[in-house]
Amino acid sequence: MIEGKKILIGVTGSIAAYKSVSLVRLFVQAGATVKVIMTESATNFVAPLSFSTLSKNPVYLKLMEGDTWSNHVELGRWADLFIIAPLSCNTLAKMRCGICDNMLLAVYLSATCPVVVAPAMDEDMWLHPATKYNLQEIQNFGNKIIEVNTGELASGLFGPGRMAEPQEIFDWASNFLDGPKPLSAKKVLITAGPTHEPIDPVRYIGNRSSGKMGIALASQCIDMGAEVTLILGPSAESVPSGCKLMKVQTAREMYNAVLKEWPASQIGIMAAAVADYSVQDVAAQKIKKEGDTLSLELVKTLDILATLGRQKQSEQFLVGFALETTNEAENAKAKMANKNADLIVLNSLRETGAGFGHDSNKITIFEKNGYEETYGLKTKTEVAWDIVDTIIKFYNA
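Residues numbered from 1 in each chain as written. Predicted model: local features only at pLDDT ≥ 70, side-chain atom pairs only at ≥ 80, totals over all residues. Heavy atoms only, no water.

(A) Layout of the overall build of the chain. Assigned secondary structure in the chain consists of 13 helices and 23 strands. On C-alpha atoms alone, the chain measures out to a radius of gyration of 24 Å, which is about the 21 Å that the 2.2 N^0.38 rule sets for 397 residues. If you line up the chain on its principal axes, its C-alpha atoms span 75 × 55 × 40 Å. Residues classed as buried in the chain amount to 52% of the 397 residues present. Of all intrachain contacts in the chain linking residues separated by at least 6 positions in sequence, the fraction that spans at least 24 positions is 67%. When the accessible area of the chain is evaluated, it comes to approximately 18,800 Å², of which 50% is carbon and sulfur surface. Of the side-chain charges in the chain, 38 are positive and 43 negative, and the distance between the mean point of each set is 4 Å. (Helix = DSSP H or I, 4+ residues; strand = E, 2+ residues; numbered from the N terminus. Rg over C-alpha atoms; globule rule 2.2 N^0.38 Å. Buried < 20%, exposed > 50% of the residue type's maximum accessible area, 1.4 Å probe, protein only. Contact = heavy atoms within 4.5 Å. Areas by Shrake-Rupley, 256 points an atom, 1.4 Å probe, with all protein chains shown as cover. Lys, Arg positive; Asp, Glu negative; His and termini not counted. Charge placed at Lys NZ, Arg CZ, Asp CG, Glu CD.)

Here it is as structure tokens:
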């Protein structure tokens, strides 16, 4: 429901800025309070007077106006939803890098409300790998993206890149803000990333997990209204705002953190690539390179998924991941049964573009009642949607 909501609209330099005039009108007519921020280049396409007249609020243009300072922090906390429409290629790149050189970006970087963007650019710009990368990265930050339309562009080309129509953006916002979400009031515990098992003070045993899959799952669960605790191993990936973050290094640290949080959680998603073995005797000093061989005695780490499966109560739902290279389906189903999980998500290293380090993945989901579904190669954000949708389906069954 839009009535009574506080909507902040950011307008950047694009010919599609004229559509934002209609967007402001739709929100005002629906009973929302609307405030508008414009970049300097946006004023070349639409006059600020148009937005101030329709919104009945002054338009924010600069951090400093004469002797007046615009409180970007206050504005970013005021809104229920921040919509950047149109989002230009230039502003997209700045959002990805965290550049703060205008009022709109200052508000974006300090906003505590959800942020959604509606890109607008020419076909070649839209299809450029840098644009795809930047979109994926800001999505990893927790931002939402309203897909572009295909049609006639300002350049005269016909293709993807047109900003979504004002009514489409309005409808998206209405659905997003309307009522409770499927995971509202649910506590979701997620693990992500690798673990590093020390050999000595400078070396460790690890794996190639980036943490991208678990972080995408955290973002999607937050979108669905969940209270998310993310236990993250060593990872350089950005974490979505709105979750409780606990950083760990080793399998033992992850085990202890998970067991502390699990009793208060309704859903557990164990997406981390936890080491199966750790070094028996960790050297206190750096091991010198002496001799042609070095032997390390390894001991099995504690099994996090199996422990949670044993402790699982009737109201709790447990999801595990399986990474297999042979007999994939059989091994995944066996893992689900042995660990007492409710769902198992199977990854395969044999799929090009899937698995560790990639921005995409290809999965099969198995449910203990016999349900299974295989999905095509998708971005990890899209894969997270599929997994969370399946969890919602079976958790509420």
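Having put the structure on the table, let's press on.
(B) Highlighting a nonpolar patch on the surface. The grouping of Tyr-277, Leu-294, Leu-296 and Leu-298 at the surface amounts to a nonpolar patch, some 380 Å² of accessible area in total. Looking at where Leu-298 falls in the secondary structure, it is placed in strand 17 (residues 298–300). Accessibility expressed as a relative area gives 40% for Leu-298, which makes it partly exposed. (Patch = residues over 30% accessible without salt bridge, like charges linked within 9 Å, V, L, I, M, F, W, Y side chains within 5 Å. Salt bridge = Lys/Arg side-chain N within 4 Å of Asp/Glu carboxyl O.)

(C) Focus on the pairing of strand 5 (residues 81–87). For strand 5, the tally of buried residues reaches 7 of 7 residues, placing the bulk of the element in the interior. The pairing of strand 1 (residues 6–11) with strand 5 spans 4 bridges and is classified as parallel. Residue pairing in the sheet places Gly-10 in a bridge with Ile-84 of strand 5. Across 4 bridges, strand 5 lies against strand 6 (residues 115–119) in parallel orientation. The partner of Ile-84 across the bridge, within strand 6, is Val-117. (Pairing = 2+ DSSP bridges.)

(D) Quick peek at unusual backbone geometry. In this chain, Ala-85 is followed by Pro-86 through a cis amide linkage whose omega measures 0°. Residue placement: Pro-86 occurs in strand 5. For Lys-56, which is not glycine, the phi torsion reads 60° and is therefore positive. Mapped onto the elements, Lys-56 comes out in the loop between helix 2 (48–55) and strand 3 (64–65).

(E) How the structure looks around the pattern of salt bridges. The tally for this structure, following the rule as stated, stands at 11 salt bridges. Salt-bridge contacts for Lys-312 lead to Asp-342; the nearest nitrogen and oxygen are separated by 3.5 Å. Here Lys-312, found in the loop between helix 11 (304–311) and strand 18 (317–324), pairs with Asp-342, found in the loop between helix 12 (328–339) and strand 19 (343–348); they are 30 residues apart in sequence, far enough to count as distant. The same class applies to Lys-312 and to Asp-342, which are both buried. Shared partners join several salt bridges into a network, and the residues in it are Lys-19, Arg-162 and Glu-165.

(F) Molecular detail of the pairing of strand 6. Within strand 6, 5 of the 5 residues are buried, leaving the element largely enclosed by the surrounding structure. Burial along strand 6 is two-sided: Val-115, Val-117 and Pro-119 and Val-116 and Ala-118, pointing in opposite directions, are all buried. Alignment of strand 6 against strand 7 (residues 144–145), held across 2 bridges, turns out to be parallel. Considered in strand 7, the bridge of Val-117 is made with Ile-145.

(G) Just the nonpolar core, in detail. Ranked by size, the top nonpolar core spans 36 residues in total, and within it Leu-217, Ile-269 and Ile-387 carry the most contacts. For this core, the elements supplying multiple residues, two or more each, are strand 10 (187–192), helix 9 (212–223), strand 13 (227–232), strand 15 (267–270), strand 18, strand 19, strand 21 (363–367) and helix 13 (380–395). Considering each element in turn, this core owes the most residues, 8 residues, to helix 13. What Ile-387 contacts, discounting residues up to four positions off in sequence, is Met-213, Leu-217, Phe-321, Val-345, Ile-363 and Ile-365. Of all hydrophobic cores here, the second largest spans 33 residues; its members include Ala-16, Leu-26, Ala-32 and Ile-83. (Core = buried A, V, L, I, M, F, W, Y, C linked by side-chain atoms within 4.5 Å.)

(H) Fine view of the state of the cysteines. By the definition in use, this model includes 0 disulfides. Cysteine Cys-89 is unpaired, with the sulfur of Cys-97 as its nearest cysteine sulfur at 12 Å. Take Cys-113: it sits in no disulfide, and the sulfur closest to it among the cysteines is that of Cys-100, at 15 Å. (Disulfide = S-S within 2.5 Å.)

(I) Examining the sheet that holds strand 1 more closely. Here 5 strands make up an open sheet; going across it, the order is 2-1-5-6-7 and the pairing parallel. Only two strands of the sheet have a single partner each, and these edge strands are strand 2 (33–38) and strand 7. Here 6 bridges tie strand 1 to strand 2, and the two strands are oriented parallel to one another. Within the sheet, the bridge partner assigned to Gly-10 lies in strand 2 and is Ile-37. Across the sheet, helix 5 (residues 103–110) lies against strand 1, strand 2, strand 5 and strand 6, angled at about 140° from strand 5, the strand it touches most. (Axes fitted to C-alpha atoms, helices over the stretch in contact; angles between N-to-C directions.)

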